[in-house]
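# Chains, contacts and geometry: an overview
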Amino acid sequence: MTTNRKPHISEQPITLGNWHHHVNWINTTLIVIVPILGCVAAPFTTLRLATAVWAILYYFWTGLGITAGYHRLWSHRCYEATLPLKIFLACAGGGAVQGSIRWWSSKHRAHHRWTDTVKDPYSVRKGIWYSHFMWMVLKQDPKSQGRTDISDLNEDPVVVWQHRNYGLFILVFGLLFPMSVAGLGWGDWMGGLVYAGILRFLVVQQATFCVNSLAHWLGEQPFDDRNSPRDHVVTALVTLGEGYHNFHHEFPSDYRNAIEWWQYDPTKWSIWVWKQLGLASNLKKFRANEIEKGRVQQLQKKVDQKRAKLDWGTPLKQLPVVEWDDFLADAANGKALVAIAGVVHDVTDFIKDHPGGKALISSAIGKDATASFNGGVYNHSNAAHNLLATMRVAIIRGGGEVEIWRRRDGEKDMLVNQYR
Ligand SMILES: [Zn+2]
Ligand SMILES: [Zn+2]
């Protein structure tokens, strides 16, 4: 090391003597210790039906605070929200106990900006558990983290207000509010605290963490496979529709994650309803044309990879160029050579297998069989053209008839490509 900077704790190996210095105790308390206490208390706390319904309802409510608020509104500016909606989302997101909007969104922007690199705060390349929650449990060197522009967030009074009072938001919307609704509503204070409070935020936390781990690990990559983000319905189901993550990383400012109407994306549906109610506006959407281009390019890439694995015959430019007279001489000397479209093919091993019979193919040896092959005798199939290509051995000088292949049936790409 060339500088005298004291190495950050994250640069030192974890040992029995220093592990407690590695742990980020505030995060660990909120995402590990308190949830474990909730799990321990649950067997001793009766779960009442009303409390169960309330816990599920509050799960959706606070989950939306994260997906529609923290993620699509503040991290990506997918739409604009009125002040009442912003306040609602800031409170709901606070109740999910996942850090302030300002902290969460700055990390998330860095994740998009530096996906899968060392500067990605929750890079799945460092392991699935790291991307899931170890990045919060262990202290991170702030110098190694990618920085992003959050000037817009610093100018948003709701974001600043929530960030300054974040401890209060956890206490009120993470615990006291869900507990009080059950307590004042039907006298179940303890159930409200354990189920609608702690266990509910445990589920919302784990669901969100799945977007960083599972959505970079499980599923399809219909738009781009250079990086790790993936689409999967299971991730969508647990995260209120955030599981179409390959799409999302390609089109991050689109207010949708799922683009098909039948895909599960309640976050998108909520934003749309808020628009109808006049609470949200300027919902951003990428044009279908742009989305389809991405999909087609990825399909093409897959097709190209498959095609590269197949034997298409020696590429034309690698074949030796021979004179017509040499071709005639070699054929006269017993080689089973047939010229078709300016290319010499060695059909020795194929004569006995020729579906049209031995006689026809043998009669073409030492001749230009272009016309017979392309309809004069029989208009051979595409498969026959492919098979023929695997037998080519040379090009005849001045064999301009190669052009015939290009014109055949007007098929430009398919046939021409294989003769490149
Ligand atoms: Zn991601
Ligand atoms: Zn995102």
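Predicted, not measured: the structure shown is a model, and the values here were computed from it.

The next point concerns the overall build of the protein chain. The number of helices and strands found in the protein chain is 20 helices and 6 strands. The globule rule puts the C-alpha radius of gyration for 420 residues at 22 Å, and the 33 Å found for the protein chain is more than 25% above it. When its C-alpha atoms are laid out on the principal axes, the protein chain stretches across 100 × 60 × 45 Å. For the protein chain, with 420 residues in total, the buried portion stands at 35%. Across the protein chain, every contact between residues at least 6 apart in sequence was considered, and the portion connecting residues at least 24 apart equals 68%.

Before going further, it helps to examine the environment of H245. With respect to the helices and strands, H245 occurs in helix 12 (residues 245–250). You can call H245 buried: it has 26 C-beta atoms within 10 Å. Counting along the chain gives 25 residues from H245 to E220, while the straight-line C-alpha distance between them is 9.4 Å. Once you skip the residues sitting within four places of it in the chain, H245 turns out to touch V211, A215, P229, R230, D231 and T235.

Moving on, we come to the pairing of strand 5 (residues 343–346). A regular strand places its side chains on the two faces of the sheet in alternate fashion. Bridge count for strand 4 (residues 337–340) against strand 5 is 4 bridges, and the pairing is antiparallel. Residue pairing for strand 5: A339 is matched across the bridge by V344. Where strand 5 lies against strand 6 (residues 392–396), 3 bridges are found, and the strand directions are antiparallel. Paired with H345 across the bridge in strand 6 is R392.

Here we have 4 strands laid out as an open sheet, ordered 3-6-5-4, and mixed in their pairing. Bordering the open sheet on either side are strand 3 (321–322) and strand 4, each of which pairs with just one other strand. On the sheet, helix 15 (residues 324–332) packs against strand 3, strand 4, strand 5 and strand 6 and is oriented at approximately 145° with respect to strand 4.

We now examine the pairing of strand 4. Side chains of strand 4 alternate between two faces, with L337 and A339 and V338 and I340 buried alike. Hairpin connection from strand 4 to strand 5: 2 residues lie between these consecutive antiparallel strands, with A341 at a positive phi of about 55°.

Turning our attention to the confidence of the model for the protein chain. A residue-level look at the protein chain finds 94% of positions with pLDDT of 70 or above and a mean pLDDT of 90. Note that pLDDT drops below 50 for residues 401–420; the model gives that stretch 21 contacts with residues more than four away or on any other chain.

This part is about the environment of Y244. Inspection of the secondary structure puts Y244 in the loop between helix 11 (233–238) and helix 12. With 23 residues separating them along the chain, Y244 and Q221 place their C-alpha atoms 9.4 Å apart. Not counting residues up to four positions away in its chain, the partners in contact with Y244 are D231, A236, N257, A258 and Q263.

Counting 54 residues, the largest nonpolar core has L73, Y79, L89, I101 and A196 as the members making the most contacts within it. Ranked by residues supplied to this core, first place goes to helix 10 (residues 189–212) with 12 residues. Residues in contact with Y79, not counting those within four places in the same chain, are R72, L73, Y255, I271, A280, S281, N282, L283 and K284. A339, I340, M391 and A394 belong to the second largest nonpolar core, which has 17 residues in total.

Criteria and thresholds
Residues numbered from 1 in each chain as written. Chains lettered and ligands numbered in written order. Predicted model: local features only at pLDDT ≥ 70, side-chain atom pairs only at ≥ 80, totals over all residues. Helix = DSSP H or I, 4+ residues; strand = E, 2+ residues; numbered from the N terminus. Rg over C-alpha atoms; globule rule 2.2 N^0.38 Å. Buried ≥ 20, exposed ≤ 12 C-beta atoms within 10 Å, placed from the backbone. Contact = placed C-beta atoms within 7 Å. Pairing = 2+ DSSP bridges. Axes fitted to C-alpha atoms, helices over the stretch in contact; angles between N-to-C directions. pLDDT = per-residue confidence, 0-100. Core = buried A, V, L, I, M, F, W, Y, C linked by C-beta atoms within 7 Å.

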